[in-house]
Amino acid sequence: MGKTPPEKTPPEKAPPERTPPGKRFAIDEGATKIPAVPPKPVAAAKRPWFPARPVAGDPAARPLNLTRGAQNAPITQPVDVTSAVVTGTQQDIRDIGAIRSSHAPGVANALTNELTALQNNRRTMTDAEWEAAVQAFSTKVNEIKGLFPEVRTFINDRPLQRAKLLAMLMNVTDPFGAARVRQKLQELRVRAAEESGDIVTEIEGATKAELDNLEFDEKVRMLNTLRAGSLYRPETRRKAAIAKLYISLPLDTTFATRDRELRDRVLARLRTELHTENRNWTKMTPAQRIAALKRVIEIQCDEMGLPAGERPALRIIPNLTSKMPDGTVAKLSGRYVHGTRTIEVSDDSINKFDKSLETVIHENTHNYQHWLVKQLEDGTIGPNDPSYVQARLFLVNLGAYHQGYTKLLPPADDVAAYVGQPVERHAWKAGVEARRLFRRDARLQATELANQMRAFSAGDQATAAQQTQLAAFCQIIDRLLQEPNVTSTQLFMAVDVIGPQYRAMSAPRHVADQDDVELTRLQLT
């Protein structure tokens, strides 16, 4: 009798790793497991859509022709195995293209082109070479399909490395290569979380003045690192650090100089081409106002250089609102929806010319930012372009947008972070100056008219009745000028109604009833 083999003692499990004492942050352990290197690739013939080769002598492999109850002699009919592989591979490519990601179509198109090139070389290959090439490409596509969601997530964390990451993905050819990429990505994410921890601590302990005094490039570096540190926990501290950094992050000076020139050209055309609409806004129908706002969009797109395919549509939405992160329902003047490239404006926002002009210019500026990012990603904007640095900031900001109402910061800082983030800082600057464009001109004209009337009233030519009338006119203008929310349309209405009456004072006349009606339309709010 043989010896009884000794019982095997199961290996002791290693104790779980613990976070070292004194560590300032935690890392999401569930997301840091490094996948094991998979076994060798399974032959393509094992896949459901890969037909097995017919085996010689197997009755099941012989086609049947039940004519008169008898079976004909076997017919030799080889099965085109590689055609089935190609068909399955094409389906895998379509599956990649259907993934909800802006990067998916590019990956699918590149694989389609590679397959087309392979098919074009078919005549130069033997059957064995063709079969091997098709199976190798099928394996590559299958691995890219499985790896793509993980690469997509990593691109969301590091949008500036998009091209490099997609190139890494396209170089995967087998399961071993895919495993190496997964391991590398996880190592980078863990490292970024650790670096984010140091930056979070630094920002939390810094005053606004200290953050303001940091070099622009250093702020950009900190922002990029925080974006990449998605494994950092608690996540609210990382998001709060990003928001606090936004408050002290200005526009790139090179971009700001060029952008100032473009905005000045937009304002010059608006002043010239929308002057009549501004003065007559209260008399215009909703359809006429919408047509004027569409003209504003065209003027801005012309001067900023947006091509026809990048210009947005305009929709008027009754009672436009949005639900904020804390559950608050906020009333909006307008918003830009990039998915449909549409500017939505609240119906009550078009009642005042200045406000509607600000809203449309602000939202179309967001459209312009997306266009810059698109050019950055396709390589049209390179390092020597004046928009390069700011376009990169827009790209990073769009993936870490601070909506406001988050309670991550005190209320005043929360608003400052919303307005100060790159995409909003730029859009608010463009919108506010458009709102003030006609108001400045209107205030100058109203002030000059009031000064002329006072000078005339103080002279010898004005009668007592005229002096009383001029005093009333000056009082109306003064009250309008003192009202903080007065619109340029209201000021221009005062100038257009009062001005002709003042200039006709040398020939005394009765004030027309229509003029009296127009004066009553002057609103102070």
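Above this text is the structure in question.
What counts and how
Residues numbered from 1 in each chain as written. Predicted model: local features only at pLDDT ≥ 70, side-chain atom pairs only at ≥ 80, totals over all residues. Heavy atoms only, no water. Helix = DSSP H or I, 4+ residues; strand = E, 2+ residues; numbered from the N terminus. Contact = heavy atoms within 4.5 Å. Areas by Shrake-Rupley, 256 points an atom, 1.4 Å probe, with all protein chains shown as cover. Polar contact = N/O pair within 3.5 Å; in protein donor to acceptor, adjacent residues only side chain to side chain. Buried < 20%, exposed > 50% of the residue type's maximum accessible area, 1.4 Å probe, protein only. Lys, Arg positive; Asp, Glu negative; His and termini not counted. Salt bridge = Lys/Arg side-chain N within 4 Å of Asp/Glu carboxyl O. Expected span 1.5 Å × (residues − 1). Axes fitted to C-alpha atoms, helices over the stretch in contact; angles between N-to-C directions. Parallel < 35°, antiparallel > 145°, perpendicular 65-115°, else oblique. Left-handed = near helix turned anticlockwise from the far one by under 90°. Core = buried A, V, L, I, M, F, W, Y, C linked by side-chain atoms within 4.5 Å. Pairing = 2+ DSSP bridges. Phe/Tyr/Trp six-rings, centres within 6.5 Å; stacked < 30°, edge-to-face > 60°. Patch = residues over 30% accessible without salt bridge, like charges linked within 9 Å, V, L, I, M, F, W, Y side chains within 5 Å.

Enquirer: Please set out the overall build of the protein residue by residue, giving values where relevant.
Expert: Looking only at helices and strands, the protein has 18 helices and nine strands in total. The long-range fraction of contacts in the protein, counting pairs at least 24 apart against all pairs at least 6 apart in sequence, stands at 72%. Split by element, the accessible area of the protein, about 28,800 Å² in all, is 53% carbon and sulfur.

Enquirer: Any details on the environment of Asp92? Residues and values, ideally.
Expert: Tracing the chain through its elements places Asp92 in helix α1 (residues 81-97). Considering only alpha carbons, one finds Asp92 and Ile144, 52 residues apart in sequence, at a separation of 9.5 Å. Residues contacting Asp92, with those up to four places away along its chain left out, are Val141, Asn142 and Lys145. In terms of polar contacts, Asp92 uses its side chain to reach the side chain of Lys145, at 3.3 Å.

Enquirer: Describe the side chain of Glu363, and please don't skip the residues or the numbers.
Expert: Position of Glu363 relative to the elements: it lies in helix α12 (residues 353-377). Buried within the structure, Glu363 lacks any salt-bridge partner; Arg335 is the closest side chain of opposite charge, at an N-O distance of 8.3 Å. What Glu363 contacts, discounting residues up to four positions off in sequence, is Gly334, Arg335, Tyr336 and Ile343.

Enquirer: Now, about α1: what can you tell me, with residues and values included?
Expert: End to end, α1 covers 25 Å across 17 residues, agreeing with the expected 24 Å (1.5 Å per residue, within 8%). Within the span of α1, buried status applies to Val81, Thr82, Ala84, Val85, Val86, Gly88, Thr89, Asp92, Ile93 and Ile96.

Enquirer: Could you give me a rundown of the packing of α1 against helix α3 (residues 127-157), with the residues and numbers involved?
Expert: Between α1 and α3, the least distance of the axes is 9 Å, while the angle of their chain directions is 20°. In this view, α1 runs roughly parallel relative to α3, as classed from their interaxial angle. Where α1 crosses over α3, the two elements pack in a sense that is left-handed. The segment α1 lies against α3, with Thr82, Val85, Val86, Thr89, Asp92, Ile93, Asp95 and Ile96 engaging Trp130, Glu131, Val134, Phe137, Ser138, Val141, Asn142, Ile144 and Lys145.

Enquirer: Outline the nonpolar core, listing residues and values.
Expert: Counting residues in hydrophobic clusters, the biggest one holds 61 residues, and the most contacted among them are Leu270, Leu274, Leu357, Ile361, Leu372, Met453 and Ile477. Going through the elements one at a time, α9 (253-273), α11 (286-304), β9 (342-346), α12, α13 (388-398), α15 (422-458), α16 (464-482) and α17 (488-503) are the ones with two or more residues in this core. Top element by residues in this core is α15. It accounts for 11 residues. Apart from the residues lying within four places of it in its own chain, the contact partners of Leu357 are Leu270, Leu293, Val296, Ala434 and Phe438. Core analysis: the next-biggest nonpolar cluster, separate from the first, contains 30 residues, Leu147, Ile155, Leu166 and Leu169 among them.

Enquirer: Lay out the pairing of strand β8 (residues 334-337) with the relevant residues and their values.
Expert: Put simply, side chains in a regular strand alternate between the two faces of the sheet. Here β8 shows one buried face, formed by Gly334 and Tyr336, and one open face, formed by Arg335 and Val337. Sheet analysis places β8 next to β9, joined by four bridges and oriented antiparallel. The partner of Tyr336 across the bridge, within β9, is Ile343. Hairpin connection between β8 and β9: a loop of four residues separates the two successive antiparallel strands, and Arg341 in this loop has a positive phi of roughly 50°.

Enquirer: How would you sum up the packing of aromatic side chains? Please name residues and give values.
Expert: Here the structure, examined in full by the defined rule, presents six aromatic pairs. Centroid distance Trp281 to Phe353: 5.1 Å. Interplanar angle 70°. Geometry classified as edge-to-face. Of the two residues, Trp281 is situated in the loop between α10 (275-279) and α11 and Phe353 in helix α12; the sequence distance between them amounts to 72 residues. The exposure class assigned to Phe353 is buried, which follows from its relative accessible area of 2%. Measuring from centroid to centroid gives 6.5 Å for Tyr401 and Tyr418, while their planes differ by 90°, and the two rings are edge-to-face. Placement of the pair is Tyr401 in the loop between α13 and α14 (411-420) and Tyr418 in helix α14, with a sequence separation of 17 residues. Owing to a relative accessible area of 32%, Tyr401 belongs among the partly exposed residues under this scheme. Judged by relative accessible area, Tyr418 falls into the partly exposed class, the value being 22%. By way of ring pairs, the aromatic residues Trp281, Phe353 and Phe438 are connected into one cluster.

Enquirer: I'd like a description of the environment of Lys352, backed by residues and values.
Expert: Summarising the element assignment, Lys352 is placed in the loop between β9 and α12. When its relative accessible area of 36% is taken as the criterion, Lys352 is described as partly exposed. For the pair formed by Lys352 and Thr487, sequence separation is 135 residues and the distance between their alpha carbons is 7.3 Å.

Enquirer: An account of the pattern of salt bridges is requested, with residue identities and associated values reported.
Expert: For the structure shown, the criterion picks out 34 salt bridges. A salt bridge links Arg258 to Glu261, with the shortest nitrogen-to-oxygen separation between them at 3.4 Å. Separated by three residues within a single helix, Arg258 and Glu261 lie in helix α9, roughly one turn from each other. Owing to a relative accessible area of 35%, Arg258 belongs among the partly exposed residues under this scheme.

Enquirer: How would you summarise a nonpolar patch on the surface if you had to cite specific residues and measurements?
Expert: A cluster of nonpolar side chains, contributed by Val415, Val419 and Trp428, occupies part of the molecular surface with about 230 Å² of accessible area. By relative accessible area, Trp428 is classed as partly exposed at 31%.

Enquirer: Explain the environment of Ala417 residue by residue, including any values.
Expert: Of note, Ala417 is situated in helix α14. The class for Ala417 is buried, based on a relative accessible area of 0%. A C-alpha to C-alpha distance of 6.2 Å links Ala417 and Lys244, two positions 173 residues apart in sequence. The residues contacting Ala417, other than those within four sequence positions of it, are Ala243, Tyr246, Ile247, His402 and Leu409.

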